[in-house]
Amino acid sequence: LKGPQGTLWGRNATGGAILLTMLEPSEAPTAKIKASYASYNHSTAQAYGSSALTDTIAADISGYWEESDGYVKNVVTGSDRDGALQRRGIRLSGVWNASDDINFKLAYDHHDWDDNTPVATSALDGQSTGALTGAVVSSKPKRVSNNGNPNFSAQIDGLYLTSRFNIGEMELASYTMGRQETSKSVLDLDSSSQTLFHNFFNIENESFSQEFNLSGAALDDKLDWIAGLY
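Just so it is clear, the model here is predicted, and its values are computed rather than measured.

Rules and cut-offs
Residues numbered from 1 in each chain as written. Predicted model: local features only at pLDDT ≥ 70, side-chain atom pairs only at ≥ 80, totals over all residues. Heavy atoms only, no water. Helix = DSSP H or I, 4+ residues; strand = E, 2+ residues; numbered from the N terminus. Buried < 20%, exposed > 50% of the residue type's maximum accessible area, 1.4 Å probe, protein only. Contact = heavy atoms within 4.5 Å. Areas by Shrake-Rupley, 256 points an atom, 1.4 Å probe, with all protein chains shown as cover. Polar contact = N/O pair within 3.5 Å; in protein donor to acceptor, adjacent residues only side chain to side chain. Salt bridge = Lys/Arg side-chain N within 4 Å of Asp/Glu carboxyl O. Patch = residues over 30% accessible without salt bridge, like charges linked within 9 Å, V, L, I, M, F, W, Y side chains within 5 Å. Pairing = 2+ DSSP bridges. Lys, Arg positive; Asp, Glu negative; His and termini not counted. Charge placed at Lys NZ, Arg CZ, Asp CG, Glu CD.

Participant: Is there a simple way to think about the overall build of the protein in this case?
Facilitator: A tally of helices and strands in the protein yields one helix and 11 strands. Walking the protein from its N terminus toward its C terminus, one meets helices and strands in the order α-β-β-β-β-β-β-β-β-β-β-β. C-alpha extents for the protein along the principal axes are approximately 80 × 40 × 30 Å. Counting the 230 residues in the protein, one finds 26% classified as buried. In the protein, the share of contacts with a sequence separation of at least 24, taken over all contacts with a separation of at least 6, comes to 55%. When the accessible surface of the protein is totalled, it reaches about 15000 Å², and 57% of it is carbon and sulfur.

Participant: Looking at this model, I keep getting lost on the environment of glutamate 206. Mind explaining?
Facilitator: Turning to its location among the elements, glutamate 206 is positioned in strand S10 (residues 198-218). Between the alpha carbons of glutamate 206 and glutamine 180 there is a distance of 4.5 Å; along the sequence they are 26 residues apart. Setting aside anything within four residues of it in sequence, one finds glutamate 206 in contact with Arg179 and Gln180. Side chain to side chain, glutamate 206 and glutamine 180 meet in a polar contact 3.0 Å long.

Participant: Teacher, can you tell me more about the pattern of salt bridges here?
Facilitator: Working definition: two side chains of opposite charge can pair if their charged atoms are close together. Evaluated as defined, the whole model comprises seven salt bridges. Residues arginine 164 and glutamate 171 are paired through a salt bridge, measuring 3.3 Å at the closest nitrogen-oxygen approach. Look at arginine 164 and you get partly exposed, because its relative accessible area is 30%. Residue glutamate 171 is classed as partly exposed on the basis of its relative accessible area, which comes to 25%.

Participant: When you look at a nonpolar patch on the surface in this model, what are you seeing that I'm missing?
Facilitator: Together, Ile61, Ile90, Leu92, Leu106, Tyr108, Leu159 and Leu161 give the surface a local cluster of nonpolar side chains, amounting to about 550 Å² of exposed area. Put simply, the parts of the chain that give the nonpolar patch at least two residues each are strand S5 (85-96), strand S6 (102-115) and strand S8 (151-167). As for its placement among the helices and strands, isoleucine 90 is situated in strand S5. What makes isoleucine 90 partly exposed here is its relative accessible area of 36%.

Participant: Would you mind showing me how to read the side chain of asparagine 116 here?
Facilitator: Its place among the elements puts asparagine 116 in the loop between S6 and strand S7 (143-144). Residue asparagine 116 is classed as buried on the basis of its relative accessible area of 10%.

Participant: Whenever I open this one, the pairing of strand S1 (residues 30-38) confuses me. Can you help?
Facilitator: Each regular strand displays side chains that alternate between the two surfaces of the sheet. Of all nine residues that make up S1, zero are buried, and the element is exposed over most of its length. Bridge count for S1 against strand S2 (residues 42-52) is nine bridges, and the pairing is antiparallel. Across the sheet, the residue bridging to alanine 38 is histidine 42, located in S2. Remark: three residues form the turn of the hairpin made by S1 and S2, two consecutive strands paired antiparallel; tyrosine 40 in that turn has positive phi of roughly 60°.

Participant: How should a positive patch on the surface be read in this particular structure?
Facilitator: Together, Lys73, Lys140, Lys142 and Arg143 make up a positively charged patch on the protein surface. You can see lysine 73 is positioned in strand S4 (residues 73-74).

Participant: Got a minute to help me understand a negative patch on the surface in this structure?
Facilitator: On the surface, Glu169, Asp220, Asp221 and Asp224 cluster together into a negatively charged patch. Within the secondary structure, aspartate 220 sits in the loop between S10 and strand S11 (223-229). Judged by its relative accessible area of 75%, aspartate 220 falls in the exposed class.

Structure (structure tokens):
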């Protein structure tokens, strides 16, 4: 991108921005399926489908599922699932072309994660407080010595509405977003076979944002302009 990224994409986007654009629901029936299997029983599956519902409305649905035993072994409990994970999600969206000048897109997504990988940790070079008390402390790669049950789980819901209106030679775009996230973390921060420093975090977050952009051209299309409110 060239130009004032800080103005268009946020003050921290001084080096540019990567914009991810979701597939638009298509009028023609479309379906895609993708699956894989790898080491440590790592299985993934993805599916996507889209179709027109009426002459002016199209909708799509996508989902994913991922599961793995993980490659981490616990030298205290003997478990080989301390790095296990299971992630799944679904996304629904619809587009309504109300007229040649008015367009709406509504989307909803839900994600449910049960993932031990962020919390399956070990002490650097075995330098744990547990080492002072003679506890078992792992210092090898892919090995942990947690005596608790470290876990991370999250549930995420999002609702998004994009509205576009052509007003003469200008376009007014509205972006409305609501999001709710709940996560739980169980940590064994001493990374040893003793119960010295265990933590539990339960975090809830709700966010809402509204943005308006008015854009157009002037001087026989030699000047592009945009004005926004967030």
